[in-house]
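Descriptive structure summary
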Amino acid sequence: MNLKKHKKFITIVVLIIVGSFFVFTKLWMARKNVVLTVGIFSGSWNTPSENTYKILNDAILKFEKSHPGVKIKYSSGILKEDFSEWLSQKILLGKEPDVFMVLPDDFNVFSSTGALKNLDKLIKKDKYFNSSKYYKAAYESGKYHKSQFALPYESVPTLMLVNKTLLDKEGIPVPNNNWTWNDFYNICERVTKDTDRDGVIDQFGFYDYTWQDAVYSNGIKLFNDAGTESYFGDEKVDQAVNFVKKLNSLDNGYQVTSQIFDKGKVAFRPLSFSEYRTYKPYPWSIKRYSNFEWDCIKLPSGPNGKSVSQLNTLLMGISSRTKHEKLSWEFLKSLTYDEETQRNVFKYSEGISPIKSVIESPKNIAEINKSMPSESSLNMKILDNIMESAAVTPKFKKYNSVMIKADNDINNIINGKEDLDTALLILQREINNMLTN
């Protein structure tokens, strides 16, 4: 290489270096004063807890370290019961956080009104993001009209708590996870009785098993995907409602309460996983409570369905008006997709991580078991199966309002004497009118 060419080459290299320096400096300066805001409530599903801030602060520390110049701020002390109103007011004022939690009841409204950013393009462009890491039902909880508007942060499945002591006393084994409505009814019928012979029933088969529990396990969707039509008149819904009506008749009109269950007088109770974790510290497997031991299994399957239960998922999304789309997406992933953060969610919150690898990891389970009483241990096989088969709550704007009516009307049907088929067809017509008007 002659001198002239050598000088030209050196000049090009220098220009590249200088240009790269200026580009890097410009990017760094652009980030230097970036502040991302986060909207969260204190605690998990049932109780306020400082662990929320531990999980978030650890994630923030890690993110700020890997993103120099970026600061993340949040308001503390907002309770779950106040969060929806707080966030709605922020949205109305145009001052909502860049990234925020979305409660299940708020998701349809925030998605349909444009408050949440559609994540489809961000997901498609991100070669490091793979939605199959999530349990399918948890991930689809963040879909609205086939587009992804939020990612799952924490999930809460429903399980059946079993009073093992009561069943042992009656000579009845704890059902396996393939049990059916018939098995459930037959056991409830056997244990429902007047044990002290004073003429009043004082031992019961179940507490708080609802028509929705039955519907989910009988292979029927209550609405089409668009939320424009309902199927309350379907034979499978008829079967589910009739089954709950039949179950209720065993109690002869007696109102079973949670206090009666706590006293060991009830065989079965559906309970969300978050309630399990707060009902008594980590009551998984067999855990002594009061004067009885308990176990937990799947809910029973109907004649046309499987052992499926409802899944509630706390979501997180991005404001559609954020000025920091890319950074917001990266931080959203650090909360909902990063396995280290999700391990903390599983360890410190009341629900479970929606990430499969977190639930399936023996190391994670062993770590969580260290904080549990010595006589208890987590067997995640049942929970993993429930998460794999869980039912996703429908996602359309009017879902909450029509379900309030449906729940009220069906409970009246269960407790009344009107013809079931006719009443459900009338309900279906009324719900469809609500959906189309």
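**Structural notes on the environment of Gly302**
Tracing the backbone shows Gly302 in the loop between β10 (292-297) and β11 (311-318). A residue is classified by how much of its surface remains accessible, and Gly302, at 8% relative accessible area, is buried. Through-space distance from the C-alpha of Gly302 to that of Gly219 is 7.8 Å; in sequence the pair is 83 residues apart.

**Regarding the pairing of strand β3 (residues 99-102)**
In terms of strand pairing, strand β1 (residues 34-39) meets β3 through two bridges, oriented parallel. Bridge pairing in β3 places Val38 opposite Val99. Two strands pair when backbone bridges link them, and β3 and β11 are joined in this way by four bridges, in the antiparallel orientation. Looking across to β11, one finds that Val102 is bridged to Leu315.

**Describing the side chain of Asn432**
Mapped onto the elements of the fold, Asn432 is located in helix α19 (residues 420-436). A distance of 2.7 Å separates a polar side-chain atom of Asn432 from the backbone nitrogen of Ser230. If sequence neighbours within four positions are ignored, Asn432 has contacts with Glu229 and Ser230.

**Side note on helix α18 (residues 399-415)**
Over its 17 residues, α18 extends 24 Å from the first C-alpha to the last, a length consistent with the 24 Å expected when each residue adds 1.5 Å. Taken together, the buried positions of α18 are occupied by Tyr399, Val402, Met403, Ala406, Asp409, Ile410, Ile413 and Ile414. Burial along α18 is one-sided: seen end-on, the buried residues are contained in an arc of 140°. Opposite the buried face of α18, by more than 90 degrees, sit the exposed residues Ile404 and Asn415. Looking at the buried positions of α18, the neighbouring elements they touch are α4 (104-112), α9 (211-216), α10 (235-249) and α19.

**Some thoughts on the environment of Gln310**
By secondary structure assignment, the location of Gln310 is in the loop between β10 and β11. Taking the C-alpha atoms as reference points, Gln310 and Asp213, separated by 97 residues in sequence, lie 7.4 Å from one another. A polar side-chain atom of Gln310 sits 3.2 Å from a polar atom in the side chain of Thr393.

**Overview of the confidence of the model for the chain**
Per-residue pLDDT for the chain has a mean of 87; in total, 85% of the residues score no lower than 70. Segment residues 280-288: pLDDT under 50, and 38 contacts once partners within four positions in sequence are set aside and those in other chains are kept. Predicted confidence for residues 372-377 stays below pLDDT 50, and this span has 12 contacts to residues more than four positions away or in other chains.

**Topic: the packing of aromatic side chains**
Summed over all chains, the structure comprises 25 aromatic pairs. Pairing Tyr53 with Tyr74 gives two aromatic rings, centres 5.7 Å apart and planes at 10°, and the pair type is stacked. Residue Tyr53 is located in helix α2 (residues 51-66), and its partner Tyr74 is located in strand β2 (residues 70-74); the two are separated by 21 residues in the primary sequence. By relative accessible area, Tyr74 is classed as partly exposed at 26%.

**Some points on helix α8 (residues 181-191)**
For α8, every residue scored as buried is listed here: Trp181, Phe184, Tyr185, Ile187, Cys188 and Val191. Seen end-on, α8 carries its buried residues on one side only, within an arc spanning 165°. Its buried side turned inward, α8 meets β6 (151-163), α7 (164-169), β7 (204-206), α9, α10 and β8 (266-272).

**Observations concerning the nonpolar core**
Of all hydrophobic cores here, the largest spans 79 residues; its most connected members are Trp329 and Phe331. With six residues, the single largest contributor to this core is α2. If we skip the residues at most four places from it in the chain, Phe331 touches Leu36, Val38, Leu56, Ala59, Ile60, Phe63 and Ile72. Core analysis: the next-biggest nonpolar cluster, separate from the first, contains 49 residues, Met160, Ala240, Ala391 and Ile414 among them.

**What to know about the pattern of salt bridges**
As a working rule, side chains carrying opposite charge can pair if their charged atoms are close by. With the rule as written, the count across this model stands at 13 salt bridges. Glu325 is the salt-bridge partner of Lys117, the closest N and O atoms lying 2.9 Å from each other. On the criterion of sequence distance, the pair formed by Lys117 in the loop between α4 and α5 (120-125) and Glu325 in helix α13 (residues 325-336) is long-range, its members being 208 residues apart. Note that Asp225 and Lys221 form a salt bridge whose closest N and O atoms lie 2.6 Å from each other.

**Re unusual backbone geometry**
Of note in this structure, His145 is not a glycine but carries a positive phi near 50°. Relative to the assigned elements, His145 resides in the loop between β4 (143-144) and β5 (147-148). A positive phi angle, near 70°, is found at Asp208, a position not held by glycine. Among the structural elements, Asp208 can be located in the loop between β7 and α9. Relative accessible area serves as the criterion here: at 40%, Asp208 is assigned to the partly exposed category.

The rules behind each value
- Residues numbered from 1 in each chain as written.
- Predicted model: local features only at pLDDT ≥ 70, side-chain atom pairs only at ≥ 80, totals over all residues.
- Heavy atoms only, no water.
- Helix = DSSP H or I, 4+ residues; strand = E, 2+ residues; numbered from the N terminus.
- Buried < 20%, exposed > 50% of the residue type's maximum accessible area, 1.4 Å probe, protein only.
- Pairing = 2+ DSSP bridges.
- Polar contact = N/O pair within 3.5 Å; in protein donor to acceptor, adjacent residues only side chain to side chain.
- Contact = heavy atoms within 4.5 Å.
- Expected span 1.5 Å × (residues − 1).
- Arc of directions from axis to C-beta.
- pLDDT = per-residue confidence, 0-100.
- Phe/Tyr/Trp six-rings, centres within 6.5 Å; stacked < 30°, edge-to-face > 60°.
- Core = buried A, V, L, I, M, F, W, Y, C linked by side-chain atoms within 4.5 Å.
- Salt bridge = Lys/Arg side-chain N within 4 Å of Asp/Glu carboxyl O.

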